[in-house]
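What follows is the residue order along each chain.
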Amino acid sequence: MDWAFVHKTWDKWASNSVGSSGPLNAAVLINYDPTGPSRLLSTIVEQEGIKADPIELSEFIKFIKRNKLKTESFFIGPNQYVVTSIHESWFGARCVNSLTPMGEGAIVMQTTAFLLVALYEGSIGAASRAMAAADQITWQLGRRNL
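Residues numbered from 1 in each chain as written. Predicted model: local features only at pLDDT ≥ 70, side-chain atom pairs only at ≥ 80, totals over all residues. Heavy atoms only, no water.

Here we look at helix α3 (residues 124-143)
- With 20 residues, α3 extends 28 Å from end C-alpha to end C-alpha; this agrees with the ideal 28 Å at 1.5 Å per step.
- The complete set of buried residues in α3 reads A126, A130, M131, A133, A134, I137, T138 and L141.
- Buried residues along α3 sit in contact with α1 (3-17), β1 (26-31), β5 (90-95), β6 (104-110) and β7 (114-121).
- Once α3 finishes, N145 follows within two positions and takes phi at roughly 60 degrees, a positive value. (Helix = DSSP H or I, 4+ residues; strand = E, 2+ residues; numbered from the N terminus. Expected span 1.5 Å × (residues − 1). Buried < 20%, exposed > 50% of the residue type's maximum accessible area, 1.4 Å probe, protein only. Contact = heavy atoms within 4.5 Å.)

Written as structure tokens, this is what we have:
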């Protein structure tokens, strides 16, 4: 694993994509190997705009591993999300308890070695911009087969 590349790529991407400078409110990069042994724990590699809780993270990973995206919901922080769109290597979700008028969403993308959780505020236009930002970093990691 080329950790220097991962950290450098994340820092450059996050500075342009997360917070007031970008389309995302927050993002978390989690190391994840679905083919690895069950004792291999997923950990937070990088995060921006959120302080992810490792216990919540483990529940989120269990949600991913159960692969019941259509019938279960998941939590990130205080927000509960329900999956609205499922694709080959990513899915989109909407927050069911959002306090913002336009709502909130999440995009979860999987690469060979990582899960990216990208959180945004807004509706269709915001979701498109969030997807473009999430796709950018997963493409960069994918170039190195990460």
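Still to come is the rest of the account.
With respect to helix α2 (residues 54-66)
- Over its 13 residues, α2 extends 18 Å from the first C-alpha to the last, a length consistent with the 18 Å expected when each residue adds 1.5 Å.
- L57, F60, I61, F63 and I64 are the residues of α2 that are buried. Viewed end-on, α2 has its buried residues packed into an arc of 155 degrees, placing them on one side of the element.
- With a side-chain oxygen positioned 2.7 Å from the backbone nitrogen of I55, the residue opening α2 is D53.
- A positive backbone phi angle near 55 degrees is found at N67, which sits one or two residues after α2. (Arc of directions from axis to C-beta. Polar contact = N/O pair within 3.5 Å; in protein donor to acceptor, adjacent residues only side chain to side chain.)

Regarding the packing of α1 against α3
- At their nearest, the axes of α1 and α3 sit 11 Å apart, and the two run at 165 degrees to each other. Relative to α3, the element α1 is oriented roughly antiparallel. With respect to the hand of their crossing, α1 and α3 are arranged in right-handed fashion. Touching F5, V6, T9, W10, W13 and S17 of α1 are A133, A134, Q136, I137, Q140 and L141, all from α3.
- Classifying every residue of the contact of α1 with α3 by side-chain character gives eight nonpolar, four polar and no charged. (Axes fitted to C-alpha atoms, helices over the stretch in contact; angles between N-to-C directions. Parallel < 35°, antiparallel > 145°, perpendicular 65-115°, else oblique. Left-handed = near helix turned anticlockwise from the far one by under 90°. Nonpolar A, V, L, I, M, F, W, Y, C, P; charged D, E, K, R; others polar.)

Re unusual backbone geometry
- Its identity is not glycine, yet N67 carries a phi of approximately 55 degrees, on the positive side.
- With respect to the helices, strands and loops of the structure, N67 is situated in the loop between α2 and β3 (73-76).
- Classification of N67 as exposed rests on a relative accessible area of 57%.

Considerations on the pairing of β7
- The buried fraction of β7 is high, at seven of eight residues.
- As judged from the six bridges shared by β1 and β7, these two strands associate in the antiparallel manner. Bridge pairing links I30 to L115 in β7.
- Pairing geometry for β6 and β7, over seven bridges, is antiparallel. Note that in β7 the partner of Q110 across the bridge is L115.
- The loop that links β6 with its antiparallel partner β7 comprises three residues. (Pairing = 2+ DSSP bridges.)

Quick notes on the pattern of salt bridges
- For the structure on display, the rule yields three salt bridges.
- D2 serves as the salt-bridge partner of R144, at 2.8 Å between the closest nitrogen and oxygen. In this pair, R144 is assigned in the segment after α3 and D2 in the segment before α1, connecting sequence segments 142 residues apart.
- Judged by its relative accessible area of 43%, R144 is partly exposed.
- A residue is classified by how much of its surface remains accessible, and D2, at 34% relative accessible area, is partly exposed.
- With its nearest N and O atoms 2.8 Å apart, the salt bridge here joins E72 to R66. (Salt bridge = Lys/Arg side-chain N within 4 Å of Asp/Glu carboxyl O.)

Any link to function would need more than the numbers given here.
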